[in-house]
Amino acid sequence: KQIKVVTEDDHCDASGATTAAQKFTNVDKVNAVMGPGCSGAMLAAAPIYEASGTLVLSYSATNPAIRDAGDFIFRNVPADDGQGVKGAALAKELGATKIGILYINNDWGVGLRDIFKAKVVELGMEVVGEEAYDQGAGDMRTQLTKLKEAGIDLLYFPSYTTGTIVGLKQAKELGLDVQVVGADGSKDDSVIEGAADAAEGLVVTLPGVPESPELTAFAEKFQTKFSKEYS
């Protein structure tokens, strides 16, 4: 079959995503959409796609609320429920007692903050400070200074790549020498290149699929079928 591909850049924000969704559904009349990639963009655009009956499959939007966004809205990546919990468990393993949170102020960042914070309290640690920053912010010194003054011994920092670079470099400038735990939005080579030695010690969590009998059975069936058809 001949497939026509139409692309738009939603800039990972709600406004860009709704503009793209309106164009896709009203002008291009697409049959399906791969994306949006970011949770806030996905949640903003979902009602438009749902109303038009357009099939949507995101590869990286992880906010838990997406599971209830509509009958035509799907993703093939686990939600942040597990990632936030794992981040808190990691903080516990690293010996943290007083935790600061610096998060991007969108659906993805807020969702991770809420899940992480609840698990931190459950595990007996204390969140002594939390600060938000807007996407695209070039200065986080005020937020980082407040967290430093709160006496944190670990910083939970769910951020996208550009924000991660800014935050890590400014934390180093301010002498905030604590363990930093980030999330999947920070997993990119550009962070290592952009933050340089300020990225030393950064640990990030990633959504994953746990081992299960169903997963193993699927993998075995797929491998058998693939080898028969293409060997």
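Our subject is the structure listed above.
Student: Please explain the sheet that holds strand β1 (residues 32-34) as it appears in this structure.
Tutor: Whether parallel or antiparallel, the strands of a sheet pair through hydrogen bonds between backbone atoms. One open sheet accounts for 3 strands, arranged β1-β2-β3; its pairing is parallel. The open sheet has two free edges, formed respectively by β1 and β3 (73-75), since each of these has just one partner strand. The sheet shows a mean angle of 20° between the axes of neighbouring strands, taken without regard to direction. Inspection of the sheet shows strand β2 (residues 55-58) paired to β3 by 3 bridges, in the parallel sense. Bridge pairing in β3 links V56 to I73. Contacts between helix α2 (residues 39-52) and the sheet are confined to β1, β2 and β3, with β3 contributing the most and set at about 135° to the helix.

Student: Please clarify how the state of the cysteines should be interpreted in this entry.
Tutor: Disulfide: a covalent bond connecting the sulfur atoms of a pair of cysteines. In total, this model carries 1 disulfide according to the counting rule given. Disulfide pairing is shown between C12 and C38; the S-S distance is 1.6 Å. Because the sign of the S-S torsion sets the handedness, a value of about -90° for the bond joining C12 and C38 places this disulfide among the left-handed ones. Of this pair, C12 sits in the segment before α1 (14-28) while C38 sits in the loop between β1 and α2, and the two are 26 residues apart along the sequence. Judged by relative accessible area, C12 falls into the buried class, the value being 18%. Given a relative accessible area of 14%, C38 falls into the buried group.

Student: What's the story with the layout of surface pockets in this structure? I'm lost.
Tutor: Summary: where empty space remains is shown by rolling a probe the size of a single water molecule over the atoms. What the largest pocket holds in volume is close to 530 Å³. Lining the largest pocket are 25 residues, with V6, T7, F24, V33 and M34 sitting closest to its centre. Elements represented by at least two residues in the lining of the largest pocket include exactly α1 and β1. Counting residues per element, the lining of the largest pocket draws most heavily on α1, which supplies 4 residues.

Student: Help me understand the nonpolar core, please; the structure alone is not making it clear to me.
Tutor: Side chains that are nonpolar tend, in soluble globular proteins, to be buried together. In this structure, Y49, I99, L102 and L155 are the most contacted members of the largest nonpolar core, which totals 53 residues. Leaving out residues up to four positions away in the same chain, L155 has contacts with G100, I101, L102, L144, L147, V178, Q179, V180 and V181.

Student: What's the story with the packing of aromatic side chains in this structure? I'm lost.
Tutor: Each pair of aromatic rings is reported with the distance of its centres and the angle of its planes. Under the definition given, this model contains 4 aromatic pairs. Ring centres 5.1 Å apart and planes at 25° place the aromatic pair W108 and Y160 in the stacked group. Of this pair, W108 sits in helix α4 (residues 107-122) while Y160 sits in the loop between β6 (154-157) and α6 (161-173), placing them 52 residues apart in sequence. Residues W108 and Y160 agree in their burial class; the two are buried. Note on F218 and F222: the rings are 6.2 Å apart at their centroids and 25° apart in plane angle, and the pair reads as stacked. Of this pair, F218 and F222 both sit in helix α8 (residues 213-230), 4 residues apart, roughly one helical turn. Comparing F218 with F222, the two get one shared label, exposed.

Definitions and limits used
Residues numbered from 1 in each chain as written. Predicted model: local features only at pLDDT ≥ 70, side-chain atom pairs only at ≥ 80, totals over all residues. Heavy atoms only, no water. Pairing = 2+ DSSP bridges. Helix = DSSP H or I, 4+ residues; strand = E, 2+ residues; numbered from the N terminus. Axes fitted to C-alpha atoms, helices over the stretch in contact; angles between N-to-C directions. Contact = heavy atoms within 4.5 Å. Disulfide = S-S within 2.5 Å. Buried < 20%, exposed > 50% of the residue type's maximum accessible area, 1.4 Å probe, protein only. 1 Å grid on protein atoms, 1.4 Å probe; cavity = no way out; pocket = protein on both sides within 12 Å on 5 of 7 lines; lining within 4 Å. Points joined across faces, edges and corners; volume = space filled by probe spheres on them. Core = buried A, V, L, I, M, F, W, Y, C linked by side-chain atoms within 4.5 Å. Phe/Tyr/Trp six-rings, centres within 6.5 Å; stacked < 30°, edge-to-face > 60°.

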